[in-house]
Amino acid sequence: MTKLSKAHVVTLSVVTAGLILVIGRETRWRLPSNASEALFAGSEESDQPTDTINRMMDAARDGDVDTYIECFGGQMKKTLQQSVAEMTASGFARYLMKNNEPIKGFAMYEPLEVSASAVDIRVEYVYADRNEAQRFRLERLSGRWTITKLDGIERVETIVPYGTPVY
């Protein structure tokens, strides 16, 4: 192989990998948080507490009521199901999307182990004009992590507001 053909192969490989990454991002492919999980997990989907919060946030953004409700457990799930019954599924979907619309992004802190089957995770929501934080309690119920408690929302002081130009 000549140097020119090797360069073509390398260039084509890099462009193909980039295209795959762009397509994957657009279609919401998710990489496992731990590479060893990807190698040894087989086709079984990883179930981490953070996966549940990501699923809940995606469902709220998309107005997917069933997926949203499935992220919760215990009394919280019952309360949400009652709200859906009172508002109708389409009304609750609109409510989820409307409340999620101003959120520009969110960040999760490392889970803090409360017990063998419970963790607390602090989630910080980023809005255009402020940040807010909330503590989630997740418990492993029936083999999956579910949100069982949400603390009140607290305002977080931001040094540089979202959207501030950087020079």
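Our subject is the structure that appears above.
About the cut-offs
Residues numbered from 1 in each chain as written. Predicted model: local features only at pLDDT ≥ 70, side-chain atom pairs only at ≥ 80, totals over all residues. Heavy atoms only, no water. Helix = DSSP H or I, 4+ residues; strand = E, 2+ residues; numbered from the N terminus. Contact = heavy atoms within 4.5 Å. Areas by Shrake-Rupley, 256 points an atom, 1.4 Å probe, with all protein chains shown as cover. Phe/Tyr/Trp six-rings, centres within 6.5 Å; stacked < 30°, edge-to-face > 60°. Buried < 20%, exposed > 50% of the residue type's maximum accessible area, 1.4 Å probe, protein only. Lys NZ or Arg CZ within 6 Å of the ring centre and 35° of its normal. Polar contact = N/O pair within 3.5 Å; in protein donor to acceptor, adjacent residues only side chain to side chain. Pairing = 2+ DSSP bridges. Expected span 1.5 Å × (residues − 1). Axes fitted to C-alpha atoms, helices over the stretch in contact; angles between N-to-C directions. Parallel < 35°, antiparallel > 145°, perpendicular 65-115°, else oblique. Left-handed = near helix turned anticlockwise from the far one by under 90°. Nonpolar A, V, L, I, M, F, W, Y, C, P; charged D, E, K, R; others polar. Salt bridge = Lys/Arg side-chain N within 4 Å of Asp/Glu carboxyl O.

Some points on the overall build of the protein
If you tally the helices and strands in the protein, you get 6 helices and 6 strands. Start at the N end of the protein and walk to the C end: the helices and strands fall as α-α-α-α-α-α-β-β-β-β-β-β. Counting only contacts in the protein whose residues sit at least 6 apart along the sequence, the fraction spanning at least 24 positions is 43%. Counting only carbon and sulfur atoms, one obtains 56% of the accessible surface of the protein, whose full area is about 11700 Å².

Structural notes on the packing of aromatic side chains
Each aromatic ring pair is characterised by the separation of its centres together with the angle its planes make. The full count for this structure, using the stated rule, is 3 aromatic pairs. For the pair Tyr68 and Phe72, a centre-to-centre distance of 5.1 Å together with 50° between the ring planes defines the contact as tilted. Like Phe72, Tyr68 is buried. Taken together, the ring pairs connect Tyr68, Phe72, Phe92 and Tyr95 into an aromatic cluster. Note that Arg122 overlies the ring of Tyr109, its terminal NZ or CZ placed 5.5 Å from the centroid. One residue, Arg130, lies across the ring of Tyr127, its end atom 3.9 Å from the ring centre.

Notes on the side chain of Gln134
Note that Gln134 resides in strand β4 (residues 131-141). Among the polar contacts listed, one links the side chain of Gln134 to the side chain of Tyr125, at a separation of 3.1 Å. At 2.9 Å, the side chain of Gln134 forms a polar contact with the backbone oxygen of Asp151. Ignoring any residue separated from it by four or fewer positions in sequence, one finds Gln134 in contact with Ile121, Arg122, Val123, Tyr125, Leu150, Asp151, Gly152 and Ile153.

Notes on the pairing of strand β2 (residues 112-115)
Bridge count between β2 and strand β3 (residues 118-127): 3 bridges; the pairing is antiparallel. Bridge pairing in β3 places Glu113 opposite Val119. Connecting β2 to the next strand, β3, in antiparallel fashion are 2 residues.

Quick look at helix α6 (residues 89-100)
The end-to-end C-alpha distance of α6, which contains 12 residues, comes to 16 Å, matching closely the 16 Å that a straight helix rising 1.5 Å per residue would cover. Listed as buried for α6 are Gly91, Phe92, Ala93, Leu96 and Asn100.

Thoughts on the packing of helix α5 (residues 74-87) against α6
Axis angle and axis distance: for two packed helices, these are the angle between their axes and the distance between the axes, and together they describe the pair. Contact geometry for α5 and α6: axes closest at 6 Å, N-to-C directions at 115°. Considering the angle they form, α5 stands roughly perpendicular to α6. The handedness of the crossing between α5 and α6 comes out as right-handed. Seen from α5, the contacting residues are Leu80, Ser83, Val84 and Met87; seen from α6, they are Ala89, Gly91, Phe92 and Tyr95. Grouping the amino acids of the contact of α5 with α6 by side-chain chemistry returns 6 nonpolar, 2 polar and no charged.

Description of the pattern of salt bridges
On inspection of all chains with the given rule, the structure shows 12 salt bridges. Note that Arg61 and Asp58 form a salt bridge whose closest N and O atoms lie 3.2 Å from each other. Here the residue Arg61 and the residue Asp58 both occupy positions in helix α3 (residues 49-62), the gap between them amounting to 3 residues, near one helical turn. Relative accessible area serves as the criterion here: at 16%, Asp58 is assigned to the buried category.

As far as function goes, none of this settles anything; it's purely spatial.
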